[in-house]
Amino acid sequence: MPRKLRPLLAGACVLLLLLPGCSVPLLGGDEDGDPGPGPASTGQAAPGVSGGPPRWRDCPEVPKKLVGRGAEGMTYQCATIRVPRDWAAPAGGTLEVALLRARSAKQSRRIGSLLLNPGGPGSSGIDTAVYLSFGPRFGGLSDAVTSRFDLVGFDPRGVGRSSPVKCVPDADFDAYFGADQDPVSEADFAALAALNKRIGAACAAKLGPGGPATFATERAARDMDAVRAAVGDQKLTYLGYSYGTLLGATYAQLFPQRVRALVLDGAVDPRADAIVGSENQARGFEKAFGTFAAWCRRTPKDCAVAPDARAALTAALDRARRSPVRGAGDRRATAGWIFWATVSSLYTRTGCSELATALDRLAGGDPKKVFELADRYVEREPSGRYANMFDAFLTVGCADSEQRVSVARVRQLQGQWRAAYPLFGPALATGLLTCSSWPGARDPYPTGEAVGAPPIVVVGTTGDPATPYEQTAKLADMLGVGRVLTWEGEGHTAYPETPCVTRAVDSYLVDLTVPAPGLRCPARG
């Protein structure tokens, strides 16, 4: 039996928007595949796409590698298409975009394909299609959806199996994640700034023609239209989580007439600059940790660091700054690794109890659980190698933003946010260092209305730490056709977490029935 799926989509404390690490072979097509029942395929690739329609091949090895087997009654096929590095200059070379489609044996009256993106940027849509194919019992999509749609996952350009970006040496990632994210002395702050600058320079040197801009969100959104054409859909049906809401919103602005239905869950505010966005997250994670601390007080038998979780974490960080606990292979549980373990736990279903256990064991001299939580988040393998998720995360994030926050301003924000958001504020401030020193051209995404698009459902969770609820209405308003659906719950993203949200979104995806204005779904039910 596979584990409980949707690790990126459901949580008791808060929820993981980044998939756990995995190793899956590059997907490609060797044999022609039948596009299946439903509307006839266009038989043509999108303009600018080379190689013609994709050639699909059976790929049961992908779900087997991820979760041990495929879902009952599901078949899996994989392919690749090639897209221009720069859609404005299609003769300037191409990149691969890898696809997976999961199809139910129960499918009838097929509508088309449901394109999926889990967020990040840097997370795999291919993995997401596999996870969501397992159905409601494992946190996947309902039969109402899988009986009418192929689930199509794609790894955006630069991610996973799609011409992946790999530009940060593993040693630099170890240094980055192990570093104290709230350096107090000028020397320690300068060292962190220098490390960020070195990472940016290393990536700029490896990214080739076009630099970071090659992997910008607008170009990935144009790739989505190539995927739409490749699977034979006249219009796009899409489900995007977290960063995937930005990707979907960008598509809607570029191709409003080609939108059938878009669900954007865990909204990014495209108009918020880097400083505002980072402060919003600092505020959101402080709130999420408060939820965890309250759980410890309410259920001391279930929380190993009850009654005061905040004091336990603060003490662990202070001890690590003086004398970090050593683990296997002489690896040290520094303040940085403890911080990332905390972030990781605030995204997962079992995160509350896992974080409590990790802090309790660390206090007893055992850092293994801290490393387990942190490595899960940053996709670090036991060998010390990293997947490309954070390479892509940094590359896309910096490519999208024209704003360059000075080192002096970061230092100022670090102090201000330490006072306002003591656990997460300093790290969200120093995180601005990377893009402030990242060289190369940028390619910002559009921030306007999706004129001519049909209603787009924007889902928000009132207790969301990573994409705070206040951003939901802002994204809906920006698009002009956004319709807000609210979940009064905790965690990052809502669908298909509760029956109320699931019914509303399923009805929209299948029948194009827009949720009633102001619909608010209770935390349970």
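Residues numbered from 1 in each chain as written. Predicted model: local features only at pLDDT ≥ 70, side-chain atom pairs only at ≥ 80, totals over all residues. Heavy atoms only, no water.

*Asks:* Got a sec to walk through the sheet that holds strand β10 (residues 456-463)? Specific residues and values, please.
*Replies:* Taking strand neighbours across the sheet as the criterion, the 10 strands line up as β1-β2-β3-β5-β4-β6-β7-β10-β11-β12 in an open arrangement whose pairing is mixed. Taken across any chain shown, the strands that pair with only one partner, and hence form the sheet edges, are β1 (57-58) and β12 (520-521). By the bridge criterion, 11 bridges tie strand β2 (residues 74-84) to strand β3 (residues 94-104) in an arrangement that is antiparallel. Residue threonine 80 lies in a different strand from β3, and its bridge partner there is alanine 98. (Pairing = 2+ DSSP bridges. Helix = DSSP H or I, 4+ residues; strand = E, 2+ residues; numbered from the N terminus.)

*Asks:* Explain the state of the cysteines residue by residue, including any values.
*Replies:* Enumeration over the complete set of coordinates arrives at 5 disulfides. Covalently, cysteine 167 is tied to cysteine 203 through a disulfide, its sulfur atoms 1.9 Å apart. Linking cysteine 167 and cysteine 203, the disulfide has an S-S dihedral of approximately 70° and is accordingly described as right-handed. One end of the pair, cysteine 167, is in the loop between β5 (149-154) and α4 (170-178); the other, cysteine 203, is in helix α5 (residues 186-206), and 36 residues separate them in sequence. Like cysteine 167, the residue cysteine 203 is buried in the burial classification. Paired through a disulfide, cysteine 296 and cysteine 303 show a sulfur-sulfur distance of 2.0 Å. Between cysteine 296 and cysteine 303 the disulfide shows an S-S torsion of about 60°. By sign, it is right-handed. Residue cysteine 296 shares its accessibility class with cysteine 303, and that shared class is buried. (Disulfide = S-S within 2.5 Å. Buried < 20%, exposed > 50% of the residue type's maximum accessible area, 1.4 Å probe, protein only.)

*Asks:* Residues and numbers for the packing of aromatic side chains, please.
*Replies:* Applying the stated rule across the entire model yields 19 aromatic pairs. Ring plane angle 25° and centroid distance 6.0 Å describe the contact between phenylalanine 177 and tyrosine 386, whose orientation is recorded as stacked. One end of the pair, phenylalanine 177, is in helix α4; the other, tyrosine 386, is in the loop between α12 (368-378) and α13 (389-400), and 209 residues separate them in sequence. Note on phenylalanine 177: relative accessible area 0%, which makes it buried. (Phe/Tyr/Trp six-rings, centres within 6.5 Å; stacked < 30°, edge-to-face > 60°.)

*Asks:* Before we move on, can you summarise the nonpolar core with the specific residues and values?
*Replies:* Note on soluble globular proteins: their nonpolar side chains tend to be buried together. Core analysis: the biggest nonpolar cluster contains 115 residues, and Phe177, Phe289, Phe292, Ile338, Phe424 and Leu479 have the highest contact counts within it. At 8 residues, the largest contribution of residues to this core is made by helix α8 (residues 274-298). With 42 residues, the next largest nonpolar core counts Val67, Tyr76, Cys78 and Trp487 among its residues. (Core = buried A, V, L, I, M, F, W, Y, C linked by side-chain atoms within 4.5 Å.)

*Asks:* Could you give an account of the packing of helix α11 (residues 351-363) against α12, naming the residues involved and the relevant values?
*Replies:* Put simply, α11 and α12 touch, their axes get as near as 8 Å, and they point 135° apart. In terms of their interaxial angle, α11 and α12 are classed as oblique. Contact with α11, carried on its side by Glu354, Leu355, Ala358, Arg361 and Leu362, involves Lys369, Val370, Glu372, Leu373 and Arg376 of α12 and no other residues of that element. Residue composition of the contact of α11 with α12, grouped by class: 5 nonpolar, no polar and 5 charged. (Axes fitted to C-alpha atoms, helices over the stretch in contact; angles between N-to-C directions. Parallel < 35°, antiparallel > 145°, perpendicular 65-115°, else oblique. Contact = heavy atoms within 4.5 Å. Nonpolar A, V, L, I, M, F, W, Y, C, P; charged D, E, K, R; others polar.)

*Asks:* Lay out empty space enclosed by the protein in plain terms, naming residues and giving numbers.
*Replies:* The tally for this structure, following the rule as stated, stands at 2 cavities of 30 Å³ or more. Asn117, Gly119, Pro121, Gly122, Ser123, Pro156, Arg157, Val159, Phe215, Ala220, Tyr243 and Val396 together form the lining of the largest cavity. Volume-wise, the second largest cavity comes out at about 50 Å³. As for the second largest cavity, its lining consists of Ser113, Leu115, Val152, Val227, Arg228, Val231, Asp233, Leu236 and Thr237. For the lining of the second largest cavity, the secondary structure elements donating two or more residues are β4 (112-117), α6 (217-230) and β6 (236-241). (1 Å grid on protein atoms, 1.4 Å probe; cavity = no way out; pocket = protein on both sides within 12 Å on 5 of 7 lines; lining within 4 Å. Points joined across faces, edges and corners; volume = space filled by probe spheres on them.)

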